[in-house]
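# Coordinates in review
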Amino acid sequence: MASDTTTGDERLKRVSLMARLMKRPELGAVAGLVLVTLFFLITADRVMFSLSGIINFMTPAAQLGILAIGAALLMIGGEFDLSVGSMVAFAGLIFGTAVTVLGLPLILAIPLTLVIAALVGVTNAQIVSRTGLPSFIVTLAFLFILRGLSLVGLKWATGGSTQMRGIREAVAGDPLVSLFSGDAFQGLFNWLASMGMIDRFSSGLPKVTGIPVSILWFALIAVLATWVLMRTPVGNWIFAAGGDATAAKNSGVPVAKVKMGLFMLTAGCAALVAIITVLDSGSTDARRGFQKEFEAIIAAVIGGCLLTGGYGSAIGAFFGAIIFGMVLIGLTYTQIDQDWYLVFLGGMLLIAVLFNNVIRKRVTGER
Amino acid sequence: MTTPIVDMRDIEKHYGNVIALAGVSFNVMAGECHCLLGDNGAGKSTFIKTMSGVHKASKGQMFVEGQAVDFDSPRDAMNAGIATVYQDLAMIPLMSVTRNFFMGREPTKGKGPFKRFDVARANQVTMDKMRQMGINLREPDQAVGTLSGGERQTVAIARAVHFGAKVLILDEPTSALGVRQTANVLATIDRVRKVGIGVVFITHNVRHAMAVGDRFTVLNRGKTLGTAKRGKITAEELQDLMAGGEELAELEGSLGGTI
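Remember, it's a predicted structure, so these values are computed and weren't measured experimentally.

What counts, and where the lines are drawn
- Residues numbered from 1 in each chain as written.
- Chains lettered and ligands numbered in written order.
- Predicted model: local features only at pLDDT ≥ 70, side-chain atom pairs only at ≥ 80, totals over all residues.
- Helix = DSSP H or I, 4+ residues; strand = E, 2+ residues; numbered from the N terminus.
- Rg over C-alpha atoms; globule rule 2.2 N^0.38 Å.
- Buried ≥ 20, exposed ≤ 12 C-beta atoms within 10 Å, placed from the backbone.
- pLDDT = per-residue confidence, 0-100.
- Contact = placed C-beta atoms within 7 Å.
- Axes fitted to C-alpha atoms, helices over the stretch in contact; angles between N-to-C directions.
- Parallel < 35°, antiparallel > 145°, perpendicular 65-115°, else oblique.
- Left-handed = near helix turned anticlockwise from the far one by under 90°.
- Nonpolar A, V, L, I, M, F, W, Y, C, P; charged D, E, K, R; others polar.
- Core = buried A, V, L, I, M, F, W, Y, C linked by C-beta atoms within 7 Å.
- Pairing = 2+ DSSP bridges.

## What to know about the overall build of chain B
When you go through chain B residue by residue, the secondary structure sums to nine helices and 12 strands. Taking 259 residues into account, the globule formula puts the C-alpha radius of gyration at 18 Å, and chain B, at 19 Å, falls close to it. Out of the 259 residues belonging to chain B, those deemed buried represent 44%.

Right, here's the structure in full:
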């Protein structure tokens, strides 16, 4: 923005760059990421920050992060979706059934999965907007409903098992597989290895064959979500809907539509994670995405989203998810007992909420 | 200046068997500030809600620039150029001034999927409009929560003016403000009036009304007690009309003329 527009008031001090940065919602997540990185640089094996180590922790971060970015946008819009974890299992069931039982090609199975997920999102949104009930309760109901449906559906589709196998075989040779599973840029990595620029086996093949596509989806969704939030009218409507729905409505913001779109988005993100993970493992089961709704919300809160809505950032959730992945995997590179992970989770959430409160007061000038 | 921008004639509003408005006539000309005074429960809120399209009148006619109109929603009224700034302001404290200013009506640039919020222009317009209203913002992405009550009023007014209001209805804009902020808002009303916008200023504070009003209409128990021009009525007379006369005179005696 042009600085010459601010000829200003002589009573006001120039706002320093530092002070401006202090007001960004993702500040907490960036600071957290720096701290966690420093911690592991000191305590963990050097391998953790090699290319293969980074990819090791970025993969779970990406899977959580896709959910967390959806959750962040919805939280900024003033609602919660506790059904995303169960949605991963449910979408996995739909997708698995579509490719194994119905034998659909991916070009049909993937849109089918996304559409059904979006319809669940619409259902959530309609119940919330028509009854005025808190989305917390409505989606809590769907947390159980979808988990139960996944169990029942899997047994029905497989003839009694809660795990469905044979998905990789069913989609073998499908041209769309490489968009949702495996590694990207393999040619580049082979070339880098042949040039000796990255670690390679004695055969000359690279130790890391490429970037997992889930990480690319994660980055793409983070960029898109940030762009929508910061640079489009819809982004303004999301902030407004979460900040004060009545005020937004009176100013002509289509609040109900915005919220419905956001519920469809969180469900769609869950379906995308389901498709990616199911294709990667070649099977799906009823426990997929277990408790991921909480981790996604925690990552969003670490990323600066207020529980009360109207404030937060997508890029913050991106960093929040990376913190998660780093700690989850990073502990295995240290001598520390891995179960400290859960302690970390709770502690981080608490610190983030306290920190966000301070930031909010700073932004609004409350005292 | 012969045709009023908004002319309300014999407006009645009934809620079941309660008569909230029993034939109120009121009009506002371009470039004037018409004060609507009345004590609590006099029917001011019902009346402005009828004017701004929130309620439909049970009886009576309404004209905008000579044309008969019948509003079904606040949006209809807004499209006809009648903007209302309510006490709660429809402002979101956590959002920046610019984002609030353009909430629901964001300027865009680009086409198709690349259509985007023109932040640079929105910031520019916000800074300019606020400066015209006498407020120098530190930065356009300053959160509305950091502004004082009077400044927030000014943002709401500037927003209504920018989006083409011909008539601005201000619902008790000074009731929650301190002395200096009240003065700022009154100065803003004066600025708005000078660009040819009709201002309907609702208040129960006679001194605030006397400071900027061109005409004064007093409502009491759902009826107009008459309209007076500036200079033809004193603050004491207005006060008495609002309270319905004698009782207040007695009270005033015991309070030593402080009301």
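Next comes the rest of the write-up.
## A look at the confidence of the model for chain A
The pLDDT averaged across chain A works out to 90; a share of 93% of its residues lies at or above 70. For residues 1-8 of chain A, every residue scores under 50 in pLDDT, and the model assigns this stretch seven contacts once sequence neighbours within four places are set aside.

## Structural notes on the packing of helix 3 (residues 51-76) of chain A against helix 10 (residues 213-231) of chain A
Between two packed helices, the angle of one axis relative to the other and the distance separating the axes together describe the packing. Residue and element names in this part refer to chain A. Across the interface, helix 3 lies against helix 10 with an axial gap of 8 Å and an inter-helix angle of 25°. Between helix 3 and helix 10, the interaxial angle falls into the category roughly parallel. Helix 10 is crossed by helix 3, and the crossing has left-handed handedness. Contacts between helix 3 and helix 10 involve Met-58, Thr-59, Ala-62, Gln-63, Gly-65, Ile-66, Ile-69 and Leu-73 from the first element and Ser-214, Ile-215, Trp-217, Phe-218, Ile-221, Ala-222 and Ala-225 from the second. When grouped by side-chain class, the residues that make up the contact of helix 3 with helix 10 number 11 nonpolar, four polar and no charged.

## With respect to the packing of helix 3 of chain A against helix 15 (residues 314-330) of chain A
All names here are of chain A. In contact at an axis separation of 7 Å, helix 3 and helix 15 are set at 145° when each is read in the N-to-C sense. Viewed along their axes, helix 3 and helix 15 form a crossing whose handedness is right-handed. A class-by-class count of the residues in the contact of helix 3 with helix 15 yields 18 nonpolar, six polar and no charged.

## A closer look at the nonpolar core
Ala68(A), Ile69(A), Ala72(A), Met87(A), Ala270(A), Ala300(A) and Leu168(B) are the most contacted members of the largest nonpolar core, which has 181 residues in total. If one sorts the elements of this core by residue count, helix 13 (residues 255-281) of chain A sits on top with 17 residues. Residues in contact with Ile69(A), not counting those within four places in the same chain, are Ile221(A), Ala222(A), Ala225(A), Cys269(A), Ala314(A), Ala317(A) and Phe318(A).

## Concerning the interface of chain B and chain A
Listed per partner, the contact involves 25 residues of chain B and 28 residues of chain A. Those elements that place two or more of their residues in the side of chain B that touches chain A are strand 8 (116-117) and helix 4 (119-132) of chain B. Considering every element that reaches the side of chain B that touches chain A, the biggest residue donor is helix 4 of chain B, with five residues. Residue composition of the side of chain B that touches chain A, by class: 12 nonpolar, seven polar and six charged.

## As for the sheet that holds strand 2 (residues 18-28) of chain B
All names here are of chain B. Reading across the sheet, the four strands line up as 2-1-4-5 and stay open at both edges, with antiparallel pairing between neighbours. Looking along the sheet, the strands with just one partner apiece sit at the ends: strand 2 and strand 5 (67-68). In terms of strand pairing, strand 4 (residues 59-64) meets strand 5 through two bridges, oriented antiparallel. Residue pairing across strands places Val-64 opposite Gln-67, the latter belonging to strand 5. Where helix 1 (residues 44-51) meets the sheet, it contacts strand 1 (6-15) and strand 2, and its direction lies at approximately 120° from that of strand 1.

## Examining the confidence of the model for chain B
Here chain B averages 85 in pLDDT, while 93% of its residues score no lower than 70. This prediction of the complex comes with two scores: 0.86 for pTM and 0.82 for ipTM.

## Details of unusual backbone geometry
Negative phi values dominate among residues other than glycine, just as trans dominates among peptide bonds. Notably, Gln291(A) is not glycine yet its phi reads approximately 65°, a positive angle. Within the chain, Glu65(B) stands out as a residue other than glycine whose phi angle is a positive 50°. Here Glu65(B) lies in the loop between strand 4 and strand 5. In this structure Glu65(B) comes out as partly exposed when scored by C-beta crowding, with 15 C-beta atoms within 10 Å.

## Observations concerning the sheet that holds strand 9 (residues 167-171) of chain B
Residue and element names in this part refer to chain B. A sheet is described by the order of its strands in space; here six strands give the open sequence 6-9-10-3-11-12, paired in mixed fashion. Strand pairing shows two members of the sheet lacking a second neighbour, strand 6 (82-85) and strand 12 (223-229), which therefore form its edges. Neighbour-to-neighbour, the strand axes of the sheet open up by a mean angle of 20°, direction not taken into account. Strand direction decides the pairing type here: strand 6 and strand 9, joined by four bridges, are parallel.

## A closer look at the environment of Ile145(A)
On the secondary structure map, Ile145(A) appears in helix 6 (residues 135-158). With 58 residues separating them along the chain, Ile145(A) and Met87(A) place their C-alpha atoms 9.7 Å apart.

## So, the environment of Lys223(B)
Residue and element names in this part refer to chain B. Of note, Lys-223 is situated in strand 12. Given 15 C-beta atoms within a 10 Å radius, Lys-223 is considered partly exposed. In this structure, Lys-223 is in contact with Ala-22, Gly-23 and Val-24, ignoring residues within four places of it in sequence.

## Things to note about the pairing of strand 3 (residues 33-38) of chain B
Residues and elements named next belong to chain B. Judged by how many residues are buried, strand 3 sits mostly within the fold: six of six residues are covered. Side-chain alternation along strand 3 places Cys-33, Cys-35 and Leu-37 on one buried face and His-34, Leu-36 and Gly-38 on a second face that is also buried. Summarising the sheet, strand 3 and strand 10 (residues 198-203) pair through five bridges and their orientation is parallel. Within strand 10, the residue paired with Cys-33 across the bridge is Val-199. The pairing of strand 3 with strand 11 (residues 215-220) spans five bridges and is classified as parallel. Looking across to strand 11, one finds that His-34 is bridged to Arg-215.

## Comments concerning the pairing of strand 4 of chain B
Residue and element names in this part refer to chain B. As paired strands, strand 1 and strand 4 are joined by five bridges and run antiparallel to one another. Following the sheet pairing, Met-8 is matched in strand 4 by Met-62. What sits between strand 4 and strand 5 in their antiparallel hairpin is a turn of two residues, with Glu-65 showing a positive phi close to 50°.

## Some thoughts on the environment of Ile54(A)
Residue and element names in this part refer to chain A. The residue Ile-54 is located in helix 3 in this model. Residue classification places Ile-54 among the partly exposed residues on the basis of 18 C-beta atoms within 10 Å. The spacing of Ile-54 and Gly-330 is 276 residues in sequence and 9.6 Å in space, taken between C-alpha atoms.

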